[in-house]
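Examination of the molecular architecture
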Amino acid sequence: MANIKLGVLVSGSGTNLQAIIDAQERQGLTAQIAVVISNKQDAYALVRAEKHDMPGVFINHKNYATREEFETKLISELDSRAVDLICLAGFMRVLTPLFVNRYPNRILNIHPALLPAAKGLYGEHVHQYIIDSGAKFSGCTVHFVTVDVDGGPIIVQKVVEVKDNDTPHSLAERVLEQEHIAYPEAIRLIADNKIEIQGNRVKIKTESH
Ligand code: GRF
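The text that follows walks through the structure, step by step, so that each part is easy to find. (Residues numbered from 1 in each chain as written. Predicted model: local features only at pLDDT ≥ 70, side-chain atom pairs only at ≥ 80, totals over all residues. Heavy atoms only, no water.)

**Focus: the overall build of the protein**
Secondary structure summary: the protein contains six helices and nine strands in total. Taken against the 2.2 N^0.38 rule, which gives 17 Å for 209 residues, the C-alpha radius of gyration of the protein at 17 Å falls within 12% of a compact globule. Across its three principal axes, the protein shows a C-alpha extent of roughly 50 × 50 × 35 Å. Burial statistics for the protein: of 209 residues in total, 46% are counted as buried. Charged side chains of the protein number 22 positive and 25 negative; the gap between the two group centres comes to 3 Å. (Helix = DSSP H or I, 4+ residues; strand = E, 2+ residues; numbered from the N terminus. Rg over C-alpha atoms; globule rule 2.2 N^0.38 Å. Buried < 20%, exposed > 50% of the residue type's maximum accessible area, 1.4 Å probe, protein only. Lys, Arg positive; Asp, Glu negative; His and termini not counted. Charge placed at Lys NZ, Arg CZ, Asp CG, Glu CD.)

What follows is the structure, given as structure tokens:
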């Protein structure tokens, strides 16, 4: 089967992007990055794309009067490269129904907790919330994006223990290590046609005999 084409949307450091690049280059991912799009010009993620000879595009959301106009530009960039699957990897813009409904079951996001925990929170707020909650475990979640923020079908989760002396920073670091495993795993499942979506549940297909 031909590789599926990925569009990765970023705003920052791009360590998850790096994990996808590494999986593509080293582990024979059946998917390849067609474009990396950042809404921040100085995002280190764009440097990572350049280092690996992948097209990187800066689209400044501040140049557009509305979210929808910005998203229309994103759509034209993604569609011009025939992207099959869109991966949000630290992309710090909430997407409107215009964008989300255009790509049903074709947008992934990674959340640095075990959804539905810390739904709607982002960054260190997530880890502070988990620590304050007294939860013994956190982790990360790769899920499909729907108009319900952080509410779409869950594809992969990885668990991380919360330690008594954890700070949001220390917990974030251990969660991030698991994110780098979870994101390529979720992409691989989709690219290899191993999943089936039933309502809000993603079933992993077992081998047929
Ligand atoms: C990750 O923690 C991810 O869960 C969240 O944003 C962060 C992005 O990190 N959505 P990076 O830019 O991939 O290093």
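**Quick word on the nonpolar core**
Grouped together as the largest cluster of nonpolar side chains are 43 residues, with contacts concentrated most on Leu-6, Ile-33, Leu-108, Val-142, Ile-155, Tyr-183 and Ile-187. Broken down by element, this core gets its largest block of residues, nine residues, from helix H6 (residues 168-191). Residues within four places of Leu-108 in sequence aside, it is in contact with Leu-85, Ile-86, Cys-87, Leu-88, Val-142, His-143, Phe-144, Val-145, Ile-155, Tyr-183, Ile-187 and Ile-190. If you look at the next biggest cluster of nonpolar residues, it comprises 20 residues, including Val-57, Ile-59, Val-83 and Ile-86. (Core = buried A, V, L, I, M, F, W, Y, C linked by side-chain atoms within 4.5 Å. Contact = heavy atoms within 4.5 Å.)

**As for the packing of aromatic side chains**
Centre distance and the angle of the planes are the two values used to describe a pair of aromatic rings. By the definition in use, this model includes three aromatic pairs. With centroids separated by 6.1 Å and ring planes inclined at 50 degrees, the aromatic side chains of Tyr-64 and Phe-70 adopt a geometry described as tilted. Note on Phe-70 and Phe-91: the rings are 6.5 Å apart at their centroids and 15 degrees apart in plane angle, and the pair reads as stacked. Placement of Phe-70 in helix H3 (residues 67-80) and of Phe-91 in the loop between strand S4 (85-88) and helix H4 (97-100) is noted, with a sequence separation of 21 residues between them. Given a relative accessible area of 4%, Phe-70 falls into the buried group. (Phe/Tyr/Trp six-rings, centres within 6.5 Å; stacked < 30°, edge-to-face > 60°.)

**Comments concerning the site of the ligand**
Close to the ligand lie Ser-13, Gly-14, Thr-15, Asn-16, Gly-90, Ile-110, Pro-112, Leu-176 and Glu-179, which account for all nearby residues. Contact between the ligand and Asn-16: an oxygen atom at 2.8 Å from a main-chain N or O atom of the residue. Contact between the ligand and Ile-110: a nitrogen atom at 3.1 Å from a main-chain N or O atom of the residue. Look at the ligand: alone it shows 360 Å² of surface, and the protein chains cover 78% of it. Sorting the residues of the shell around the ligand by element identifies helix H1 (15-26) and H6 as the ones contributing at least two each. Across the shell around the ligand, the residue classes break down as three nonpolar, five polar and one charged. (Near = heavy atom within 4 Å. Polar contact = N/O pair within 3.5 Å; in protein donor to acceptor, adjacent residues only side chain to side chain. Areas by Shrake-Rupley, 256 points an atom, 1.4 Å probe, with all protein chains shown as cover. Nonpolar A, V, L, I, M, F, W, Y, C, P; charged D, E, K, R; others polar.)

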